[in-house]
Amino acid sequence: MKKINLLFLFLVCTLIIFLHAPSAFSGFATLSWDPPVTDADGTPVSDLAGYKIYYGTSSSNYSQNIDVGNVTTYTINNLTEGMTYYFAATAYDAARNESTESNEVSKTIQLSLQYSLSVEKAGTGSGTVTSYPAGIICGSACSGTYDDGTSISLTASPAANSIFAGWSTGCSGTGTCTVTMDAAKTITATFTLKTYAITASAEAGGSISPSGSVPVNYGASKTFSITPDAGYHVMDVKVDGMSRGTLSTFTFTTITANHAIQATFATNTPSQDIIIDNGEPSTSSTGTWSISSGLNPYGTNSLFSRNGGTYTWTFTPSQTGTYEVSMWWTYRPTRSSSVPIDIESSWGTARIYVNQIDELKGSTWNIFGNYYFEAGKSYKVTIIAQGASTTCADTVRFRFISSTTPPEAYIDSINPRLAEPGQTIEFRGHGEDSDGYVEAYQWESSIDGPLSDSQAFTAALSAGTHEISLQVQDNEGVWSQPVMEVLVVGTPPTEVIIDNHDKATSQTGTWSVSGSTNPYGADSLWSRDGTAFTWHFNPPQSGNYELSMWWTFWKSRSTNIPVDIEYSGGTKRAYINQQQNTGKWNVLGTYYFEVGVNYRITVISQPRPTSTCADAVRFLYVR
Ligand SMILES: [Ca+2]
Ligand SMILES: [Ca+2]
Ligand SMILES: [Ca+2]
């Protein structure tokens, strides 16, 4: 029997760590050896058939063997980490004669190196961190164990309400975090809650709470309260520039963007129209007023009368300001086409005429324009029944427009004062407003109608005696009382009569239509206790004028009434006895008046129980 010589065994490879295989049998050893050249007897090996490897965990005491066949290198797998293995090999021939054992080699199978990777989350927000290779879904699994040398990519995904603010302790920036596992590592991902700003503001007259730049979290809700100051109410709330009306609160829900909210306020005004229906306590009448069969009255019914009966609505506003005055009446085919209505206001008494036989004006609000009234004072609206036709008295409405002070109009110059027909005339005026500014002008002629909406203009007017009026409008839309001047085009009149309802009159206190006979024109007025009635005279040309006055009789008329007469030389006080010379012109003297100057003739009413009449004045040009 020939025996194969000794082998010489090499350990060519040590431990290799398999990825993802943290198994207790993950080690292996690769052995190689030189083939024997001679048999034991020194003859060349001729029938080498294979090798066996013996190994175990104690030297020279091999617990296992493997017939590896006729190879010169072999890898033994599944060696336990942490153990030291001892190896030897034998060769055998075709007859299964086995050689003696080779030299012994040994190898300690090292423990595989693994490290833990922990993810920590910080910040006000939330999100998820995931790893590649898998292992971490943080969320729930915020750490993993990885083999030494493994490259791990971490990806941060913020929740909808958050933004990813970045990595710290081991990574930086906001991109993918790549770590190589060469030690235990902790990576911090910071998520920040998304926040937005709601800009809340309130204009004068109230507040909004909270206000300023209000921070809110993503998806949250935020409620704002809008509170007007005393005397104010919410005018409008704009949310992101869009009007939402008169809100007291507004809530932003599921906030995912910046917003703005803005509140505006307005001063409180009487919330309702002041409506005075016929028959209410603040009405009074003279003559006989009966219930009308006119359809669609305001309230339960309307009244009618004839032949000079008067019906009065007394308005006592609780707030000073401009009011739109309108009237409701019922239609009947018997109604009068020209019914006088006197409207008292801070500006005096204005007489207007309405057509009650116009069916379209029945059972609706007929607007008479805006007038200024002072709180606490009483103002009368009086309708005067006409002749044999019927006049309806139903309801007057006062609609608050503005508490601002109306502007005042001034006619500065009309040049020339005495113009030829076709001649260009220059007009100049201005307005003043104590709590704002003047924005619009309206010039009118009593003959030619509207003239201009400019502060100054030139025009040629028709022949005749024009009453030129100017009204100005302030920035609140409130019109002034009209001011009036007389302009003569062509031959100046030699007689100027100013009756008690003409525009060129003004008054203090209450002057009521008198029931007396023989008035000049439609009627005369009466009053008492120190009120004043003034006729305004704009002479058509300079010169001497004979001044006369007309008054009516009443048994209570005063016998000693002062009349102040303004003329170019100053003011003269005359006294008249209204018990005498009634129903005719009474000359009060001749005075010089200059064109372009506004002169006043004023009577002052005398104390109770007497009464004082104001009717008409006449100026006769003498020379
Ligand atoms: Ca009524
Ligand atoms: Ca004003
Ligand atoms: Ca009169």
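Residues numbered from 1 in each chain as written. Chains lettered and ligands numbered in written order. Predicted model: local features only at pLDDT ≥ 70, side-chain atom pairs only at ≥ 80, totals over all residues.

S.K.: Describe in detail the sheet that holds strand β23 (residues 259-267), supporting the description with residues and values.
M.R.: Reading across from one edge, β18-β16-β23-β20-β21 is the order of the five strands in this open sheet, with mixed pairing throughout. Each edge of the open sheet is held by one strand with a lone partner, namely β18 (212-217) and β21 (242-243). Bridging between strand β16 (residues 195-202) and β23 involves five bridges; their strand directions are parallel. Counterpart to Ala-200 in the pairing with β23 is Ile-261. (Pairing = 2+ DSSP bridges. Helix = DSSP H or I, 4+ residues; strand = E, 2+ residues; numbered from the N terminus.)

S.K.: Lay out the environment of Gly-241 with the relevant residues and their values.
M.R.: The topology assignment puts Gly-241 in the loop between β20 (232-239) and β21. In this structure Gly-241 comes out as exposed when scored by C-beta crowding, with 8 C-beta atoms within 10 Å. Along the chain, Gly-241 and His-259 lie 18 residues apart, while their C-alpha atoms are 9.4 Å from each other. (Buried ≥ 20, exposed ≤ 12 C-beta atoms within 10 Å, placed from the backbone.)

S.K.: Any details on the domain arrangement of the protein chain? Residues and values, ideally.
M.R.: For the protein chain, the assigned domains are domain 1 (8-108), domain 2 (114-193), domain 3 (195-267), domain 4 (274-393), domain 5 (408-489) and domain 6 (495-621). The gap between the C-alpha centroids of domain 2 and domain 3 is 41 Å. (Domains from an automatic or database assignment.)

S.K.: Can you break down the sheet that holds strand β24 (residues 274-277) residue by residue, with the values?
M.R.: Hydrogen bonds between backbone atoms are what pair the strands of a sheet, whose relative direction is either parallel or antiparallel. Here we have four strands laid out as an open sheet, ordered β24-β35-β29-β32, and antiparallel in their pairing. Each of the sheet's edge strands pairs with one partner strand only, and the pair in question is β24 and β32 (366-373). Each strand of the sheet is rotated relative to its neighbour by a mean of 20°, with strand direction disregarded. Inspection of the sheet shows β24 paired to strand β35 (residues 395-402) by four bridges, in the antiparallel sense. Within β35, the residue paired with Ile-275 across the bridge is Arg-397. (Axes fitted to C-alpha atoms, helices over the stretch in contact; angles between N-to-C directions.)

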